[in-house]
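# Structure assessment
For reference, the chains in residue letters:
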Amino acid sequence: MRGSSCETAREMFDAIGAIAFTDRAARELAATGETFRKLPSNGGLGSELTVREAQIARLAADGLSNREIGEQLFISHRTVGYHLGRVFSKLDVANRAQLHHALDRARSS
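Residues numbered from 1 in each chain as written. Predicted model: local features only at pLDDT ≥ 70, side-chain atom pairs only at ≥ 80, totals over all residues. Heavy atoms only, no water.

### Considerations on the nonpolar core
Our working definition: Side-chain atoms within 4.5 Å link the members of a nonpolar core, which is a set of buried Ala, Val, Leu, Ile, Met, Phe, Trp, Tyr and Cys residues. Accessible area is worked out with a 1.4 Å probe on protein chains only. A residue is then buried under 20% of its type maximum, exposed over 50%, and partly exposed in between. In DSSP terms, a helix is any run of H or I states spanning at least four residues, a strand is any run of E spanning at least two, and both are numbered starting from the N terminus. Every residue pair with non-hydrogen atoms within 4.5 Å of one another is taken to be in contact.
By size, the foremost hydrophobic cluster in this structure holds 19 residues, and its most contacted members are Ile-69, Leu-84, Val-87, Leu-91 and Leu-99. The set of elements that each furnish at least two residues to this core consists of α3 (51-61), α4 (66-73), α5 (77-91) and α6 (99-108). Examining the composition of this core, we find that six residues originate from one element, α3, more than from any other. Residue contacts for Leu-91: discarding those within four places in its chain leaves Glu-48, Leu-49, Leu-99, Ala-102, Leu-103, Arg-105 and Ala-106.

Below you can see the structure in the form of structure tokens.
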């Protein structure tokens, strides 16, 4: 097998925001000598944000609380907070109020 199951696993883990498992699947792929392809763009946000981060950023920009986002995505509010911290860092924003503008800017670039 040429690593296709590891590639599929890496894509699935990345899509749900399971960063540790994404990294492990990528390492397993590299160990087989395979290279992995870049994931498709996440709604025009480029490759800066993971799919899960982009989801959470959009919901937070729409005014949902961490708890509400967590309930909608079936993750804990603490996990939402973790992802938002990464989103803020990647988009260079300090708070939720700046998210709409940063997401618009990321989409247009």
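### Examining the packing of α4 against α5
Formally: Here, axes are lines fitted to C-alpha atoms. For helices the fit covers the stretch in contact, and angles between N-to-C directions go from 0 to 180 degrees. The cut-offs work like this: below 35 degrees is roughly parallel, past 145 is roughly antiparallel, 65 to 115 is roughly perpendicular, and the gaps in between are oblique. Only Asp, Glu, Lys and Arg are considered charged in this grouping, and only Ala, Val, Leu, Ile, Met, Phe, Trp, Tyr, Cys and Pro are considered nonpolar; every other residue, Gly among them, is considered polar.
Relative orientation of the contacting elements α4 and α5 amounts to 105°, with a least axis distance of 8 Å. Comparing the axis directions of α4 and α5 gives the class roughly perpendicular. Of the residues in α5, those in contact with Asn-66, Arg-67, Ile-69 and Gly-70 of α4 are His-77, Val-80, Gly-81 and Leu-84. Looking at the contact of α4 with α5, its residues break down into three nonpolar, four polar and one charged.

### With respect to unusual backbone geometry
In this structure, Phe-74 takes a positive phi of about 60° despite not being glycine. With respect to the secondary-structure elements, Phe-74 resides in the loop between α4 and α5. In the Ramachandran plot, Asp-92 falls in the positive-phi region, its phi being about 55° despite a non-glycine side chain. In this fold, Asp-92 is placed in the loop between α5 and α6. Its relative accessible area of 70% is what places Asp-92 among the exposed residues.

### Points about the confidence of the model for the protein
Operational definition: Values of pLDDT, the confidence the predictor places in each residue, fall between 0 and 100.
For the protein, per-residue confidence averages 78 on the pLDDT scale, and 70% of positions sit at 70 or higher. Within the protein, α4 carries the highest mean pLDDT (95), whereas helix α1 (residues 4-16) carries the lowest (68). Counting interchain partners and residues more than four positions distant, the pLDDT-below-50 stretch residues 37-41 has seven contacts.

### Side note on the pattern of salt bridges
Put simply, the rule reads: Criterion for a salt bridge: a side-chain nitrogen of Lys or Arg within 4 Å of a carboxyl oxygen of Asp or Glu.
Per the stated rule, a full pass over the model turns up two salt bridges. Arg-86 is the salt-bridge partner of Glu-53, the closest N and O atoms lying 2.9 Å from each other. With Glu-53 in helix α3 and Arg-86 in helix α5, this pair connects stretches of sequence that are 33 residues apart. A residue is classified by how much of its surface remains accessible, and Glu-53, at 0% relative accessible area, is buried.

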